[in-house]
Amino acid sequence: MSGETEIRSFRVDTPDEAIVDLRRRIAATRWPSRELVADRSQGVQLATIQELARYWTTEYDWRACEARLNALPQFKTEIDGVDIHFIHVKSRRPGALPLIITHGWPGSVIELLGVIGPLTDPTAHGGSAGDAFDLVIPSLPGYGFSAEPAEVGWDPGRMARAWAELMNRLGYLRYVAQGGDVGAFVTDQMGRQAPEGLLGIHLNLLQGALLGSSPPAESEKERAALAALTTFMTSGSGYFLEQATRPQTIGYALLDSPVALAPWLLDHDTDAYYKISRAFVDGQPSGGLTRDSIVDNITLYWLTGTGTSAARSYWEVGQAAARAAGKAPPEVKVPVGFTTFPGEIIPAPRSWVEKVYPTLGYFHEADRGGHFAAWEEPELFATEIRAAFRPLR
């Protein structure tokens, strides 16, 4: 391949000066007083961030994360004017099914590293050889090592078209797609666009509940899900509203102060926040949500300077939703799989998922895991992916 379709190898190479500057900025932080409540209702707690900052500057080693990334096949290719970074790990198993899996915010490719082994080498992780995948893990435009868009219009639909082009460029004639958080918006659009070769999609966030009309609340599970949605909308969606309406405003702090960036990325949902806080304050990680992996993710945002450009993806989601208001979305034309994790923002019941996705073919309620299920519970997450796509092989 040549010209605009060229696929180029990529390695992470962080200058020493960037790490020195990061530590200097953390040391120069002006700290606020302690919150006046005993929980997170006023935001990320001072003790959590001060311990994170202490660990960040005294024990954490970015070079270990850099080495882990560089041990994987990484590439870049320009699609629709944006240089896209992606990890591409092929299984050694013959007949592996290609899977493009998309991260969300405040995550990155870091949150998906734990699923690479279970999905590409299932026999080493309790699966069968026939469940193997070739994995494509792209960084969303404006996130991590992908370039940031230089123009508006990079909404989930445009990202979905870019992913179809990426899979085509890699020579995959048949493949499946998975997404959570922002990745769920992108993967949803892939299902509605149904590009040639896409066999099916799997999601773990019901994005239709966040942007659609009020869902039914007749059963106990529906009422519980509606209560969770109401709680999120009334007391947990501050980051969502800010990024969907004024990403540039918060972006100045995210690019200037590591200790402004860190709590902004942690203040996402109650379940994940308390798990992350316990990893630092109590030394009790929840699965893959370890101190190192959490700081890996924050450091990636800092070193790539993508706090603002990533925040703008929410503005694009909001703009796309406004344009589509009052219009019926295109039908999803491919089979859909869905896993509800109990700690998710909205623990969606099957009835809600079927309303959004009439082509639902696989549904399961996991017994553990939350919003960052692939990060927190990679083995369980991989098991769900294998089960969801098994009928499409």
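Above this text is the structure in question.
Conventions and cut-offs
Numbering of residues starts from 1 in every chain and runs along the sequence as written. The predicted origin of the model limits local features to residues at a pLDDT of at least 70 and limits the giving and counting of side-chain atom pairs to 80 or more, whereas totals for whole chains, interfaces and linings rest on all residues. Remark: hydrogens and water are excluded; side-chain values derive from all non-hydrogen atoms of the structure. We count a stretch as a helix when DSSP gives it H or I for four or more residues in a row; a strand needs E for two or more, and each element gets its number in order from the N terminus. By definition in these notes, contact holds between two residues if any of their heavy atoms fall within 4.5 Å. Helix span is expected to be 1.5 Å times the residue number reduced by one. Burial here depends on accessible area, computed with a 1.4 Å probe over protein chains only, as a share of the maximum for the residue type. Under 20% is buried, over 50% is exposed, and the range in between is partly exposed. Axis definition: a line fitted to C-alpha atoms, limited for helices to the stretch in contact. Angles are taken between N-to-C directions and run from 0 to 180 degrees. The crossing is said to be left-handed when, going from far helix to near helix, the turn is anticlockwise and less than a right angle, and right-handed when the turn is clockwise. Put simply, a salt bridge is a Lys or Arg side-chain nitrogen that is within 4 Å of an Asp or Glu carboxyl oxygen. In this description, strands pair whenever DSSP reports at least two bridges between them. Working definition: roughly parallel below 35 degrees, roughly antiparallel above 145 degrees, roughly perpendicular at 65 to 115 degrees, and oblique for all remaining angles. Charged residues are taken to be Asp, Glu, Lys and Arg, nonpolar residues to be Ala, Val, Leu, Ile, Met, Phe, Trp, Tyr, Cys and Pro, and polar residues to be all remaining types, Gly included.

S.K.: Describe the side chain of T306, naming the residues involved and giving the relevant values.
M.R.: With respect to the helices and strands, T306 occurs in the loop between α13 (291-304) and α14 (307-324). Among residues more than four places away in sequence, those in contact with T306 are G142, Y143, G144 and Y301.

S.K.: Account for helix α5 (residues 156-169), with residues named and values stated.
M.R.: A rise of 1.5 Å per residue sets the reference length of α5, with its 14 residues, at 20 Å; its end C-alpha atoms lie 20 Å apart and thus fit the reference within 8%. In terms of burial, α5 is largely enclosed, as 11 of its 14 residues are buried. What α5 keeps buried is the set P156, G157, R158, M159, A160, A162, W163, A164, L166, M167 and R169. Residue G171 follows α5 closely and has a positive phi angle near 90°.

S.K.: Summarise the packing of helix α1 (residues 16-27) against helix α2 (residues 46-58); cite the residues concerned and give the values.
M.R.: Running from N to C, α1 and α2 point in directions that differ by 145°, and their axes come no closer than 10 Å. The two elements α1 and α2 meet at a crossing, and its hand is left-handed. Every residue of α2 that contacts α1 at L22, R23 and I26 is listed here: A53, W56 and T57.

S.K.: How would you sum up the side chain of E51? Please name residues and give values.
M.R.: Positionally, E51 belongs in helix α2. When neighbours within four sequence positions are excluded, E51 is seen to be in contact with F280, V281 and R291.

S.K.: Before we move on, can you summarise the pattern of salt bridges with the specific residues and values?
M.R.: The final tally for this structure, using the stated rule, is 24 salt bridges. Taking the shortest distance from any N to any O, the salt bridge between D16 and R63 comes out at 2.5 Å. With D16 in helix α1 and R63 in helix α3 (residues 62-70), the pair connects residues that are 47 residues apart, well separated along the chain. The exposure class assigned to D16 is exposed, which follows from its relative accessible area of 52%. The exposure class of R63 is partly exposed, given its relative accessible area of 25%. Residue D256 is joined to R25 by a salt bridge in which the shortest nitrogen-to-oxygen separation is 3.5 Å. On the criterion of sequence distance, the pair formed by D256 in helix α10 (residues 247-256) and R25 in helix α1 is long-range, its members being 231 residues apart. By sharing partners, the salt bridges in this structure join D21, R24, R25 and D256 into a single network.

S.K.: Kindly report on helix α11 (residues 258-266), identifying the contributing residues and their values.
M.R.: A large share of α11 lies buried, amounting to 8 of its 9 residues. Contacts from the buried residues of α11 go to α1, α2, α9 (238-245), α10, α12 (270-281) and α13.

S.K.: Pulling in residues and values, what's your account of the sheet that holds strand β2 (residues 74-79)?
M.R.: With mixed pairing, the 9 strands of this open sheet are ordered in space as β1-β2-β3-β5-β4-β6-β7-β8-β9. Two strands lie at the open edges of the sheet, namely β1 (7-9) and β9 (360-365), each paired on one side alone. Averaged over neighbouring strand pairs, the angle between their axes works out to 25° when direction is ignored. The sheet contact formed by strand β6 (residues 175-179) and strand β7 (residues 198-203) spans 5 bridges and is parallel. Its bridge partner lying in β7, A177 is registered against I201.

S.K.: Now, about the packing of α1 against α13: what can you tell me, with residues and values included?
M.R.: Packed helix pairs are specified by the crossing angle of their axes together with the interaxial distance, meaning the distance between the axes. As a packed pair, α1 and α13 sit with axes 11 Å apart at the nearest point and diverge in direction by 110°. When the interaxial angle is binned, α1 and α13 end up roughly perpendicular. Contacts from A18, D21, L22 and R25 of α1 reach α13 at T299, W302 and L303. Across the contact of α1 with α13, the residue classes break down as 4 nonpolar, 1 polar and 2 charged.

S.K.: Summarise the pairing of β6; cite the residues concerned and give the values.
M.R.: A regular strand places its side chains so that they alternate between the two faces of the sheet. Extensive coverage of β6 is indicated by the burial of 5 of its 5 residues. Alternating residues of β6 divide into Y175, A177 and G179 and V176 and Q178, and every residue in both groups is buried. Sheet topology places strand β4 (residues 97-102) next to β6; 4 bridges connect them, and they run parallel. Among the inter-strand pairings, T102 is bridged to a residue of β6, identified as G179.

That's the geometry; what it means functionally is another story.
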